[in-house]
Amino acid sequence: LVSAGWLIQSDPKRVRPFLFLGWTLGVQTSEGRQNQGFQGLATAAGLTVSPTGKLFIRPELRWKLLGPGPMSLIEPGVAVGWQF
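Predicted model, so just to flag it, every value in this text is computed and none were measured.

Chemist: Give me the lowdown on the packing of aromatic side chains, citing residues and values where you can.
Modeler: Enumeration over the complete set of coordinates arrives at zero aromatic pairs. A cation over an aromatic ring shows up here: Arg58 above the ring of Phe18, its NZ or CZ 5.1 Å from the ring centre.

Here it is as structure tokens:
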């Protein structure tokens, strides 16, 4: 699964909202069946929280609309990272 997109975020503050818009590509493998490729829209919204200058925690809600199908997925997520 690979996604590429654009993260739109407010000015640097300790807590700031964000919106992600992108495109997802992937391949689903199943034993005894042919591999199936899929692609679709990927979006997310949430907050970026910076407890220190470099560390950030990003709780978010992700939504993907994938095809062929179509199949819609909604899932919560949390990212933790270090800005450099």
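Chemist: Residue-level account of the pattern of salt bridges, with values.
Modeler: Counted by the stated rule, this structure contains two salt bridges. Where Glu60 meets Arg62, a salt bridge forms, and the shortest distance between an N and an O atom there is 2.4 Å. Put simply, Lys64 and Glu75 hold a salt bridge, and the shortest N to O gap is 3.3 Å. Of the two residues, Lys64 is situated in strand β4 (residues 55–67) and Glu75 in strand β5 (residues 71–82); the sequence distance between them amounts to eleven residues.

Chemist: Can you explain the environment of Ser72? Please cite residues and give values.
Modeler: Secondary-structure assignment places Ser72 in strand β5. Accessibility expressed as a relative area gives 46% for Ser72, which makes it partly exposed. C-alpha separation for the pair Ser72 and Gly53, spaced 19 residues apart in sequence, amounts to 36 Å. Of note is the side chain of Ser72, whose polar atom sits 2.9 Å from the side chain of Trp63.

Chemist: Run through the environment of Val2, naming residues and quoting values.
Modeler: Turning to its location among the elements, Val2 is positioned in strand β1 (residues 2–9). Its relative accessible area of 56% is what places Val2 among the exposed residues. On a C-alpha basis, the gap between Val2 and Thr43 in space is 13 Å, while along the polypeptide they are 41 residues apart. Beyond its immediate sequence surroundings of up to four residues, Val2 is in contact with Trp23, Thr24 and Leu25.

Chemist: Describe unusual backbone geometry, and please don't skip the residues or the numbers.
Modeler: Across the junction of Gly67 and Pro68, the peptide omega takes the value 10°, indicating a cis bond. Tracing the backbone shows Pro68 in the loop between β4 and β5.

About the cut-offs
- Within every chain, residues take consecutive numbers counted from 1 along the sequence as written.
- Per-residue local features of the predicted model are confined to residues with pLDDT of at least 70, and side-chain atom pairs are confined, for both listing and counting, to 80 or more; whole-chain, interface and lining totals are unaffected and use all residues.
- Each side-chain value is derived from all of the structure's non-hydrogen atoms; neither hydrogens nor water enter the calculation.
- Only the six-membered ring of Trp is used, alongside the rings of Phe and Tyr, when aromatic pairs are assigned; centres must lie within 6.5 Å, and planes under 30 degrees apart are stacked while those over 60 apart are edge-to-face, with the rest tilted.
- For a ring to carry a charge above it, either NZ of a lysine or CZ of an arginine must fall within 6 Å of the ring centroid while also lying within 35 degrees of the normal to the ring plane.
- Any Lys or Arg side-chain nitrogen located within 4 Å of an Asp or Glu carboxyl oxygen qualifies as a salt bridge.
- Starting at the N terminus, helices and strands are each numbered in turn, a helix being any DSSP run of H or I of at least four residues and a strand any DSSP run of E of at least two.
- Accessible area is worked out with a 1.4 Å probe on protein chains only. A residue is then buried under 20% of its type maximum, exposed over 50%, and partly exposed in between.
- We call two N or O atoms a polar contact when they sit within 3.5 Å, provided that within protein one can donate a hydrogen and the other can accept it, with sequence-adjacent residues counted only if both atoms are side-chain atoms.
- Should any heavy atoms of two residues lie within 4.5 Å, those residues are considered in contact.

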